[in-house]
Amino acid sequence: MRRNPARTAPRRVLRNPSRPAACLTVAATLLTALAGVPGPAAARDLPDSYVVSRAPGVLPEGIAITPDGTMYVSSDGTGALYRGRVGRPDLAPFPARGLEGRTSTLGVHTDRRGRVLSVGGATLTVHDRQGRLLATRTAPDGPLGAPDLNDLVVTRDAVYVTDWANPVVLRAELRGGVLGPLEPWLDIRSAFPQFPAQYWLLNGIVTNDEGTALLVASNGTEAVWRIGTAAKDVSRLDLGEESFGPDGMVLRGRTLYAVLNYGAPHGVYIARLDEELRTGTVTHRLTDGPFDLPTTLARHGCRLYVVNSQLDDPPGRPPYTVSAIPDPTCGRG
């Protein structure tokens, strides 16, 4: 969420001048239960706020939480990764090797093997739990120029990545745990051809359990776009809203959690979707939380963990934090 060099407004808090009028499986669910995920009572003993860093200029951006409660947070300001636990209020630098040349890290996720995948600039990297670099994949230039990778989602057979600078979704095949090259997979402009290419501004990306459908947030179009992974068909997710262009998102079953930081009051918005992820209704608007330009979120147990980026006034003011709030849908299907 760095500033776009061609604009003066903050990244993903950008007003569009021509606006129109994690993959969970059954096995992962069982692992979560076995890991002793805190319930509503235990959650009362957990911190309400987590300090990512007290060093100047960190500007946290992305977040991932594993089933055992390990938390990873990325830095837009420095490119570093931080690691902590949901039971402790402070994170520490994660010794991820090979990130020295990446000055900004945005999306961060983990896979079923516990590996840490992150994107920033033109690169997708994979680290093990100890921080050893397992793979680096570099995205080619897109139709508008150099890539600026924003977020990613991991399915059983691929990693899908959004590009903030180009209206393109990229894909790297996963076969036997080995990551293939990162290649352009879909130019999304065909879904809205009259919209200016440079303002798509692709953000968060999530998938259903089966990996058959992706939801991609576009702050520029102020919409979420549904993509079928087999036919690459693209349609707009109909939420009955005039403006719904999220930054980061989480999809759990048919419940979509989205962070909005432009076009609506800042906060977490929750929608209930139909089975095919084509339509839905916004059921909750959590806008009175302790947020400081939230960018994305993670869900663990009955809580939502929201990143406070401070990117509206860089370099911000330490400490840089993650806020935890109750999930109002907890216990529902």
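Keep in mind that this is a model prediction, so the values were computed, not measured.

Q: Quick question: what am I supposed to make of the nonpolar core here?
A: Soluble globular proteins tend to pack their nonpolar side chains together in the buried interior. Counting residues in each nonpolar core, the largest one holds 20 residues, and the members touching the most others are Tyr 50, Ile 63, Ile 65, Met 71, Val 73, Tyr 305 and Val 322. Within the residue set of this core, elements represented by two or more residues are strand S1 (49-53), strand S2 (60-65), strand S3 (70-75), strand S23 (303-308) and strand S24 (320-326). Sorting elements by how many residues they give to this core places S24 first, with three residues. In contact with Met 71, not counting residues within four places along its chain, are Tyr 50, Ile 63, Ala 64, Ile 65, Tyr 82, Arg 83, Gly 84, Val 86, Leu 91 and Tyr 305.

Q: Looking at this structure, how should I read the state of the cysteines?
A: A covalent bond between the sulfur atoms of two cysteines is what we call a disulfide. Counted under the stated rule, the structure contains one disulfide. The partner cysteine of Cys 302 in its disulfide is Cys 330, sulfur to sulfur 1.8 Å. Taken together, the residues Cys 302 in the loop between strand S22 (294-300) and S23 and Cys 330 in the segment after S24 connect sequence positions 28 residues apart. Assessed through its relative accessible area of 14%, Cys 302 is described here as buried.

Q: Sorry if this is basic, but what is going on with the confidence of the model for the protein chain here?
A: Low pLDDT marks regions whose predicted coordinates should not be analysed in detail. Within the protein chain, residue pLDDT values average 88, and 86% of them lie at 70 or more. Counting contacts from residues 1-41, a segment whose pLDDT is below 50, to residues more than four positions away or on other chains yields 93 contacts.

Q: Got a minute to help me understand the pattern of salt bridges in this structure?
A: Where charged atoms from two side chains of opposite charge come close, those side chains can pair. For the structure shown, the criterion picks out eleven salt bridges. Between Arg 278 and Glu 276 there is a salt bridge whose closest N-O contact spans 3.1 Å. Residue classification places Glu 276 among the partly exposed positions, given a relative accessible area of 48%. The shortest N-O distance in the salt bridge between Asp 327 and Arg 299 comes to 2.6 Å. Taken together, the residues Asp 327 in the segment after S24 and Arg 299 in strand S22 connect sequence positions 28 residues apart.

Q: Before we go on, may I ask you to explain the sheet that holds strand S12 (residues 168-175) in this structure?
A: In a beta sheet, neighbouring strands pair by backbone hydrogen bonds and run either parallel or antiparallel. Sheet architecture is open: four strands sit in the order S10-S11-S12-S13, paired in antiparallel fashion. Across the chains shown, the open sheet's two edge strands, defined by having one partner strand only, are strand S10 (149-154) and strand S13 (178-187). Across the sheet, the axes of successive neighbouring strands diverge by a mean angle of 25°, strand direction being ignored. Two elements, S10 and strand S11 (residues 158-163), share four bridges in a ladder whose sense is antiparallel.

The rules behind these values
Residues numbered from 1 in each chain as written. Predicted model: local features only at pLDDT ≥ 70, side-chain atom pairs only at ≥ 80, totals over all residues. Heavy atoms only, no water. Core = buried A, V, L, I, M, F, W, Y, C linked by side-chain atoms within 4.5 Å. Buried < 20%, exposed > 50% of the residue type's maximum accessible area, 1.4 Å probe, protein only. Helix = DSSP H or I, 4+ residues; strand = E, 2+ residues; numbered from the N terminus. Contact = heavy atoms within 4.5 Å. Disulfide = S-S within 2.5 Å. pLDDT = per-residue confidence, 0-100. Salt bridge = Lys/Arg side-chain N within 4 Å of Asp/Glu carboxyl O. Pairing = 2+ DSSP bridges. Axes fitted to C-alpha atoms, helices over the stretch in contact; angles between N-to-C directions.

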